[in-house]
Amino acid sequence: PLDNDIVVHDSLALTGRAQPDTSIFLRVNDTREYTATMNREGAFSFEHVALAVDAPRGQNVLTVISRDAAGNESRASVRLQRNSAPEVTIITPRKNNTLDGDVPITLAGRDENGDPLTYTLEVSADGGKTWRTLMEASAESEFLWRTKDFTDGEYALRARVNDAVTSGEETVNP
């Protein structure tokens, strides 16, 4: 991975090359340490390196340490963001409600990394084949739906949440 890359996986593998007579270690956030497997040509690898999703904004610092027989060390570090997909729940209205007039829609978003979230709210009158946008890419998690602007019928609501990298959604049929 390159410095400041964003990854969406819980773990990753790292490979590299070093002098064959050195020991190679990897530290993640100065808390976990891994020891590399190295072959005779100096190629090394780290498998299943766990990244912390609960670090502030998912930031992880990976430091590779090369240590020779005399104890001399050299280090190289990269920062990675471990991104998790945000989640959204439509709090109101709930399923099987008859709606009339101005209906407040309340959403609750959650992101393990604490990323800023934006919300999109859509409505469908044809069982989800087509969607009409009520609110798009808003930082607000509340919306007032003027149902009088719509013909009577059954509608589905879809809420999407985005953290600029990944997204989540929920659909209800009030």
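Please refer to the structure placed before this passage.
Rules of the game
- Position numbers for residues start from 1 in each chain and track the written sequence from start to end.
- Owing to the predicted nature of the model, reporting of local features is limited to residues with pLDDT of at least 70; listing and counting of side-chain atom pairs is limited to 80 or more, with chain, interface and lining totals taken over all residues.
- Hydrogens and water molecules were not included; the side-chain quantities draw on all heavy atoms of the structure.
- Excluding any residue in a salt bridge, patches collect residues exceeding 30% relative accessible area, merging like charges within 9 Å and nonpolar Val, Leu, Ile, Met, Phe, Trp and Tyr side chains within 5 Å.
- Calculation of accessible area relied on Shrake-Rupley with a 1.4 Å probe; when residues are assessed, cover is drawn exclusively from the protein chains displayed.
- Should a side-chain nitrogen of Lys or Arg be within 4 Å of a carboxyl oxygen of Asp or Glu, the pair is scored as a salt bridge.
- Strands are runs of DSSP state E lasting at least two residues, helices are runs of H or I lasting at least four, and both sets are numbered from the N terminus onward.
- In summary, the pairing rule links any two rings of Phe, Tyr or Trp, Trp by its six-membered ring, whose centres are within 6.5 Å, and it sorts them by plane angle into stacked for under 30 degrees, edge-to-face for over 60 and tilted for everything else.
- Only protein chains enter the accessibility calculation, which uses a 1.4 Å probe. A residue is then buried if its area is under 20% of the maximum for its type, exposed if over 50%, and partly exposed in between.
- Each polar contact in these results corresponds to two N or O atoms within 3.5 Å; when the atoms are within protein, one needs to be able to donate a hydrogen and the other to accept it, and residues that are neighboring in sequence are counted only if both atoms are side-chain atoms.
- When checking whether two residues touch, look at their non-hydrogen atoms; a contact exists if any pair is within 4.5 Å.

Student: Looking at this structure, how should I read a nonpolar patch on the surface?
Tutor: Nonpolar side chains collect at one region of the surface, where Ile-6, Val-8 and Val-165 lie side by side and expose about 230 Å² of accessible area between them. In this structure, Val-8 sits in the loop between strand 1 (5–7) and strand 2 (11–17).

Student: Would you explain the packing of aromatic side chains in this entry?
Tutor: Both the distance between ring centres and the angle between the ring planes are used here to describe each pair of aromatic rings. One pass over the structure, following the stated rule, counts 4 aromatic pairs. Both rings, one in Trp-145 and one in Tyr-155, keep their centres 5.9 Å apart while their planes meet at 85 degrees; by these two values the pair is edge-to-face. Of this pair, Trp-145 sits in strand 13 (residues 142–146) while Tyr-155 sits in the loop between strand 13 and strand 14 (156–162), and the two are 10 residues apart along the sequence. Grouping residues by exposure puts Trp-145 and Tyr-155 together as buried. Grouping aromatic residues by their ring pairs yields a cluster made of Trp-145, Phe-150 and Tyr-155.

Student: Just to check I follow, could you spell out the side chain of Asp-163 for this structure?
Tutor: You can see Asp-163 is positioned in the loop between strand 14 and strand 15 (167–172). Among the polar contacts listed, one links the side chain of Asp-163 to the side chain of Asn-83, at a separation of 3.1 Å. When neighbours within four sequence positions are excluded, Asp-163 is seen to be in contact with Asn-83, Ser-84, Pro-86, Asp-111, Asp-115, Pro-116 and Leu-117.

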